[in-house]
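Each chain, written out:
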Amino acid sequence: PDLGRTMTIGLGAAAAERPAARAPAPPAADMAFPAALAIAERETPFVGRRQVVDRLARRLARVRDGERQFVVLSGEPGVGKTRLAGEFARRCHEEGAVVLYGRSNEESIVPYEPFIGAIGHYLAHYDSTALARELDPELGELGRFIPGLRRDVSTLVEPLAVEPDARRYRLFEAVTRVLAFIAAERPVVLILDDLHWADTSTAVLLRHVVQQLHEAQLLLLGTMRDVEACRADDLVQLLARLGPEPSFERISLAGLDAAETAALVSAHRIGEPTAEFVRILRHATDGNPLFIGETIKSLSETDAPSESGVVSERALSRIGVPEGVKEMIAQRIGRLTEQTRRVLELAAVVGTEFHLAVLEVLTAQPADEIIETLEEAAGAGLLRESDEHVDGFRFSHALVREALFERHSTSRRVRLHHRIGEALELAGATTPANPAEIAHHFFAGRHVDAGAKAFAWCVRAADTAAQALAHEDAAEHYGRALEALDMQAPPDEHRRCDVLLALGAVQLRSGDAAARASFERAAQLARRHGLAERLARAALGFAGRYSEAGIIDRDAIALLREARAALGGEDSILLAQLTARLADALAFAEDHGETDVLSHAALVMARRLGDTRTLVAALESRHTALLHIEHLDERLRLSEEFLALAEDVGERELAAFGLHWRIYDLLEASDVAAARAAHGALVVLAGELRQPLYRHLALRWEVVWAQMEGRVADSERLAREAFELGRQAQARDAETVYAIQLIALRRREDLLSDQVATIEAAIVRYPSLVAWRAVLPLAHLAAGDHAGARAEFERLVADDFAALPPDMFWFTAACVLAEAAALLADEARCAALYELLLPFADRNVQVTQAAFWGSSERFLGLLAAALGRSDAAGAHFESAIAKNEASGSPMAAGVVRRDHARMLLARGRPGDRVAAAGLLREILGAAEAAGMSTLVARLQEEIAEIDGVAGA
């Protein structure tokens, strides 16, 4: 079939389209049903649950219409969640759907385990080489988790060396796109079994898949115990948030009813049960299918069917139904040989799954003898051979393992865990164990050797998880390592500091606010023991990865200063990074001169050192220090170097960030054509990188273009979408930019009077962002509060505008104050502001990356008009209109036309009134087209007043 159509993958607010000419998918018959679900074939026929199956079928119908669905089957252990999911999946498979299966284990050894297992199964039954032609970057990411991809596909593109958080997003996108690719041809049913045991990393990946795949033939079918049993808080939060959404459903499974219980008993072929037998059995078991099955197995092992073929309640009275399924399982365990019981009890401490080689080390018995015991347990229905590993075994149900596990005392368990850890170490030569599995056992047995083994293996497990981008798992392992270290006397404080630094790093990557506390503890240790390099790393981590506009982090500033002093003055990569970061941290502090000095020193040192990443950090810091309008030419040179460096080293993410700032610089420089070209490059690059941060940055500029062109509805919609992407990307200035965008729109609509409370709230939240306070006089004037406007204005213009810091907001604030001074008719301030702004007459007023206010000549015109220099004002207005039109901003040009009209009306020369009316009519047409009802009404009033005076 022709598969060369465009595949659209739901990517949230800013959907991305990617052409995908795929190889034909294999026919359904070629897709193996997951072996892990083959339990449905080996056990008795499936009975009951018709209503639930019908509900699932309705969800699948929506999936076939291209709507992703997510259903969770919940209930107590043994109620039949996995069996029901498997039976439904089998029916879907027979109807042509692809069935994938993944499960979470109690020990949670492998990060993202259910997704990796499910995709690994699919890839094992598909032509990976053909798949690589379409999704080679995605498979390159997954290849780090599915080694078979590296063996089977030799042409995979190695991912670029990027930051860990960016790499993790690429991994998440790889999972999402592979699932979308599979679902593009026919429905996919992805079973996520035992979700309550999912670790935080898996929960975060699940959230990403749910958020990104809106329009896909995908049914996510999860099974779990009650929410209270969930290991990951992120999963609980996700399920709570999804609760009201129509694409999500949680189905609570209760026990079987009387008819279903009777059918299940009959399916076991022990005879036809009497009604009283069914009633007593259902009452004793609460209709729990596992409990019913275990009871019937016990009955068949102790009682032969009656000659009449009828099973009565007397049979139950002879075996005595225990109070719970664990007690029933315990009875069945008790009928095993002593040797088999001992082996199973050891295996239960090993885990839900275990390997023969480990039991050999633990028991010192020959393999044949151990296999005999395992065969006896399998014959009793307590074990199954692994579907994935030779000589691997798995308990038939988690409750079987729990019943065996609880037969050990706490003291015995501790020692067994330690022995198992040692056995896994020894068996590692032939059967490599995941470090997390070994760490789990040594940590559980840490009291045996005062945590020595636990510390070493927890650190190794944490490092492995961090390399796998499972930041939350890594943080948990590092935390355990610290706990194990506390048991040692005396504890190694240098090691503790190193672990705290590693812990802080993964917490920072996962967005955990606890990162600062970890770095602070590391700094305290480094300070106490004179560890200068560790103190430097702690300071860099404590200060965070990015500066947020308007935030003055005094604790971070103090720590960065201390760390610089501890390193001394000799050139080093750490010293250059500390210096650049300190300059960033001081960007909105009181002493702006220090920011300039430090950023320059960092750049000079970075050039001497020749380290690329350090040079990039220094260039970024220097660019931030020079965001005042008077340094624009130097910024343009820096951003050009930044982009060239990023291209030379092949760092596309650095290039995207550089393009973002390049657009800002070019707009201020009035080179709008070059800015739009740079934005086009950013859009392409953001699409290739497929990360929320860069899509967020690209979309910010879409908002600016929409504002410039007068597309009000588009501006507001795009601003909301950009804000949502920013929150997803954890862009810390997303809220500030969104607020500025909305204020700019309201100002253009002549609705600034409604924004006084919003602006005042922003001033409280961001006191160092003077631009917010500078807008407040205009808002007060629009609301008719002249006294309030004058008071705020005087606060800002006192002492020759000393309140305006020389940062990126200076130009915006000065222009806004110029408008306020003109409206307040403050001639002295108008004259001072005119001289202040005149050197920048050829610049545009770009309000961060949020709003374009056009040529600064508009504000010079307002000042000149207020000073009575009408001819100069007219020249400024006409120049501003021409520049704004040339920039493709009819919106900004319209604002200036209104200013010009008012100046003409105030001047009153012959012909001025007619010219003013003509200017206002031009604006009116654009305002009507943009749907600015308030502005339209006011313009109509102004025109009517002019026409009325002319008629009189």
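If you're wondering where the values come from, they're calculated on a predicted model, not measured in any experiment. Every chain's residues receive numbers from 1 upward, in the order its sequence appears when written. With the structure being a predicted model, the display of local features is reserved for residues of pLDDT at least 70 and the display and counting of side-chain atom pairs for 80 or more, all residues being used for whole-chain, interface and lining totals. To obtain the side-chain values, all non-hydrogen atoms of the structure were used and water was disregarded.

Trainee: Teacher, can you tell me more about the overall build of the protein chain here?
Mentor: Helix numbers and strand numbers start at the N terminus; a helix is a DSSP run of H or I with at least 4 residues, a strand a run of E with at least 2. From N to C terminus, the protein chain includes 45 helices and 14 strands. Burial analysis of the protein chain (952 residues in total) assigns 57% to the buried set. For the protein chain, restricting intrachain contacts to residue pairs at least 6 apart in sequence, the fraction spanning at least 24 positions comes to 69%. Note on areas: Shrake-Rupley with a 1.4 Å probe; residue coverage comes only from the protein chains shown. Surface exposure of the protein chain reaches about 38,300 Å², of which carbon and sulfur atoms provide 51%. Residue exposure (1.4 Å probe, protein chains only): buried if accessible area is under 20% of the type maximum, exposed if over 50%, otherwise partly exposed. Contacts are assigned to residue pairs that have any heavy atoms within 4.5 Å of one another.

Trainee: In this structure, what is going on with a negative patch on the surface? I would like to understand it.
Mentor: Each patch is built from residues lacking any salt bridge and having more than 30% relative accessible area; the joining distance is 9 Å for like charges and 5 Å for nonpolar side chains (Val, Leu, Ile, Met, Phe, Trp, Tyr). Each salt bridge in this description consists of a side-chain nitrogen of Lys or Arg and a carboxyl oxygen of Asp or Glu lying within 4 Å of one another. Positive residues here are Lys and Arg, negative ones are Asp and Glu, while His and the chain termini are left out of the count. Taken as the charge centre is NZ of Lys, CZ of Arg, CG of Asp or CD of Glu, depending on the residue. Judged by side-chain charge, Glu360, Asp368, Glu369, Glu372, Glu375, Glu385 and Asp391 come together as a negatively charged surface patch. Per element, the largest residue contribution to the negative patch is four residues, and it comes from helix α17 (residues 367-379).

Trainee: I'm lost on the packing of helix α34 (residues 712-728) against helix α35 (residues 734-748) in this one. Help?
Mentor: Between two packed helices, both the angle of their axes relative to each other and the distance between the axes serve to describe the pair. Direction vectors running N to C along α34 and α35 enclose 170°, while the axes themselves pass 9 Å from each other. In terms of their interaxial angle, α34 and α35 are classed as roughly antiparallel. Residue-level inspection shows Ser715, Glu716, Ala719, Arg720, Phe723, Gly726 and Arg727 of α34 in contact with α35, the latter providing Ala734, Glu735, Tyr738, Gln741, Leu742, Leu745 and Arg746. Axis definition: a line fitted to C-alpha atoms, limited for helices to the stretch in contact. Angles are taken between N-to-C directions and run from 0 to 180 degrees. Roughly parallel here means an angle under 35 degrees, roughly antiparallel means over 145, roughly perpendicular means 65 to 115, and every remaining angle is called oblique.

Trainee: When you look at unusual backbone geometry in this model, what are you seeing that I'm missing?
Mentor: What is expected of a backbone is that most residues other than glycine have negative phi and most peptide bonds are trans. For the peptide bond that leads from Ala489 to Pro490, omega is -15°, which places it in the cis range. Among the structural elements, Pro490 can be located in the loop between α22 (471-486) and α23 (493-509). If you check the backbone angles, Asp194 has positive phi at about 55° while not being a glycine. Given the relative accessible area of 15%, Asp194 is considered buried. Positioned with a positive phi, Ala450 is a non-glycine residue whose angle comes to about 55°.

Trainee: Looking at this structure, how should I read the sheet that holds strand β11 (residues 383-385)?
Mentor: Pairing between the strands of a sheet comes from backbone hydrogen bonds, and it takes one of two forms, parallel or antiparallel. Two strands form a pair only when DSSP identifies at least two bridges running between them. Strand order in the open sheet formed by three strands is β10-β12-β11, and the pairing between neighbours is antiparallel. The open sheet has two edge strands, β10 (353-355) and β11, and neither has a second partner. Between one strand axis and the next, the sheet turns by 30° as a mean value, whatever way the strands run. Pairing geometry for β11 and strand β12 (residues 392-395), over three bridges, is antiparallel. Among the inter-strand pairings, Arg384 is bridged to a residue of β12, identified as Arg394.

Trainee: Honestly, the nonpolar core in this entry has me stumped. Any pointers?
Mentor: Generally speaking, nonpolar side chains in soluble globular proteins are found buried as a group. Note on terminology: a nonpolar core comprises buried Ala, Val, Leu, Ile, Met, Phe, Trp, Tyr and Cys residues joined through side-chain atoms within 4.5 Å. Leu206 and Leu374 are the most contacted members of the largest nonpolar core, which has 137 residues in total. The element best represented in this core is helix α7 (residues 164-183), accounting for ten residues. Ranked by size, the runner-up nonpolar core spans 124 residues in total, among them Leu619, Ile759, Leu796 and Phe859.

Trainee: What am I meant to see in the pattern of salt bridges here?
Mentor: Once the charged atoms of two side chains with opposite charge are near each other, the side chains can pair. All told, the structure shown has 56 salt bridges when counted by the stated rule. In this structure, Arg747 engages Glu819 in a salt bridge whose closest nitrogen and oxygen atoms are separated by 2.4 Å. In this pair, Arg747 sits in helix α35 while Glu819 sits in helix α39 (residues 810-823), placing the two residues 72 residues apart along the sequence. Looking at Glu819, the relative accessible area reads 12%, which means it is buried. Glu942 is paired through a salt bridge with Arg902; the nearest N and O atoms lie 3.5 Å apart. Residue Glu942 is found in helix α45 (residues 933-951), and its partner Arg902 is found in helix α43 (residues 890-907); the two are separated by 40 residues along the sequence. The exposure class assigned to Arg902 is partly exposed, which follows from its relative accessible area of 41%.

Trainee: Can you walk me through the sheet that holds strand β4 (residues 98-103) in this structure?
Mentor: With respect to topology, five strands assemble into an open sheet ordered β4-β5-β6-β3-β7, the strand pairing being parallel. Here the strands that pair on one side only, and so sit at the sheet edges, are β4 and β7 (248-252). This sheet shows a mean twist of 15° between the axes of neighbouring strands, independent of strand direction. Contacts between helix α3 (residues 81-94) and the sheet are confined to β3 (69-74), β4, β5 (188-193) and β6 (218-224), with β6 contributing the most and set at about 160° to the helix. Relative to β4, helix α4 (residues 113-124) is tilted by about 145°, and along the sheet it contacts β4 and β5.

Trainee: I would appreciate a short explanation of the packing of aromatic side chains in the present structure.
Mentor: Given two aromatic rings, their pairing is described by the distance between the two centres and the angle made by the two planes. Aromatic contacts are taken between Phe, Tyr and Trp rings whose centres are within 6.5 Å, Trp giving its six-membered ring; a plane angle under 30 degrees counts as stacked, one over 60 as edge-to-face, and the others as tilted. Scanning the entire structure with this criterion turns up ten aromatic pairs. Both rings, one in Phe354 and one in Phe395, keep their centres 5.5 Å apart while their planes meet at 55°; by these two values the pair is tilted. With a gap of 41 residues between them, Phe354 in strand β10 and Phe395 in strand β12 connect regions that are remote in the sequence. With respect to class, Phe354 is no different from Phe395; both count as buried. When the centroid spacing of 6.5 Å and the interplanar angle of 35° are considered together, the rings of Trp701 and Trp705 count as tilted. A residue pair is termed a helical-turn pair when its members lie 3 or 4 positions apart in one helix, as Trp701 and Trp705 do in helix α33 (residues 692-709) at four residues.

Trainee: Would you mind showing me how to read helix α11 (residues 275-285) here?
Mentor: Residue pairs spaced three or four apart in an α-helix point in one direction, given the helix's 3.6 residues per turn. Inspection of α11 places Phe277, Val278, Leu281 and Thr285 among the buried residues, and these make up the whole buried set. The arc that holds the buried residues of α11, viewed along the axis, is 95°, so those residues lie on one side. Exposed residues on α11 whose side chains face more than 90 degrees from its buried face are Ala275 and His283. Asp286 lies just past α11 and shows a positive phi near 55°. Here the arc refers to the set of directions running from the helix axis out to each C-beta atom.

Trainee: I'm lost on the pairing of β4 in this one. Help?
Mentor: Consecutive side chains along a regular strand alternate between the two faces of the sheet. Across the six residues of β4, six count as buried, placing the element largely inside the fold. Alternating positions in β4 separate into two faces, Val98, Leu100 and Gly102 on one and Val99, Tyr101 and Arg103 on the other, with burial throughout. Note: β4 against β5, six bridges, orientation parallel. Counterpart to Leu100 in the pairing with β5 is Leu190.

Trainee: Would you take a moment to explain the pairing of strand β14 (residues 851-855) for this structure?
Mentor: Among the five residues that make up β14, five are buried, leaving the element largely enclosed by the rest of the structure. The sheet contact formed by strand β13 (residues 844-847) and β14 spans three bridges and is antiparallel. By the bridge assignment, Val847 is partnered in β14 with Ala851. In this structure, the hairpin formed by β13 and β14 is closed by a connection of three residues, where Thr848 is found at a positive phi of approximately 45°.

Trainee: I would appreciate a short explanation of the confidence of the model for the protein chain in the present structure.
Mentor: Predicted coordinates in regions of low pLDDT should not be interpreted in detail. Each residue carries a pLDDT score, the predictor's confidence in it, ranging from 0 to 100. Per-residue confidence for the protein chain gives a mean pLDDT of 83; residues scoring 70 or more make up 86%. Mean pLDDT per element in the protein chain: strand β1 (residues 6-9) is the minimum at 25, and helix α41 (residues 857-866) is the maximum at 97. Contacts from residues 1-29, a stretch scored under 50 in pLDDT, to residues over four places away or in other chains number 70 contacts. Predicted confidence for residues 150-162 stays below pLDDT 50, and this span has 30 contacts to residues more than four positions away or in other chains.

Trainee: Sorry if this is basic, but what is going on with α33 here?
Mentor: With 18 residues, α33 extends 25 Å from end C-alpha to end C-alpha; this agrees with the ideal 26 Å at 1.5 Å per step. Summarising burial for α33: 15 of the 18 residues are buried, a large majority. Just past α33, the residue Gly710 takes up positive phi, approximately 80°. A helix is expected to span 1.5 Å multiplied by its residue count minus one.

Trainee: Before we go on, may I ask you to explain the environment of Asp473 in this structure?
Mentor: As for its placement among the helices and strands, Asp473 is situated in helix α22. Those residues in contact with Asp473 that lie beyond four places of it in its chain are Pro111, Asp199, Thr200, Ser201 and Ala465.

Trainee: It is not clear to me how the packing of α41 against helix α42 (residues 870-886) should be interpreted in this structure. Could you clarify?
Mentor: Put simply, α41 and α42 touch, their axes get as near as 8 Å, and they point 165° apart. In terms of orientation, α41 lies roughly antiparallel with respect to α42. The crossing of α41 and α42 is left-handed. Contacts between α41 and α42 involve Glu857, Arg858, Leu860, Gly861, Leu862, Ala864 and Ala865 from the former and Ala872, Ala873, His876, Phe877, Ser879, Ala880 and Lys883 from the latter. Split into classes, the residues belonging to the contact of α41 with α42 amount to eight nonpolar, three polar and three charged. It is the rotation of the near helix from the far one that decides the hand of a crossing: anticlockwise by less than a right angle makes it left-handed, clockwise makes it right-handed. Amino acids are sorted into nonpolar (Ala, Val, Leu, Ile, Met, Phe, Trp, Tyr, Cys and Pro), charged (Asp, Glu, Lys and Arg) and polar (every other residue, Gly among them).

Trainee: Even after reading the chapter, I still don't get the side chain of His628, so can you show me in this structure?
Mentor: Relative to the elements of secondary structure, His628 occurs in the loop between α29 (612-625) and α30 (632-648). With near-sequence residues (within four places) excluded, His628 lies in contact with Arg635, Pro806, Asp807, Met808 and Trp810.

Trainee: What's the story with the environment of Pro289 in this structure? I'm lost.
Mentor: Within the secondary structure layout, Pro289 lies in helix α12 (residues 289-302). On a C-alpha basis, the gap between Pro289 and Gly80 in space is 6.2 Å, while along the polypeptide they are 209 residues apart. Other than its neighbours up to four places away in sequence, Pro289 contacts Arg49, Gly78, Val79, Gly80, Leu256 and Leu264.

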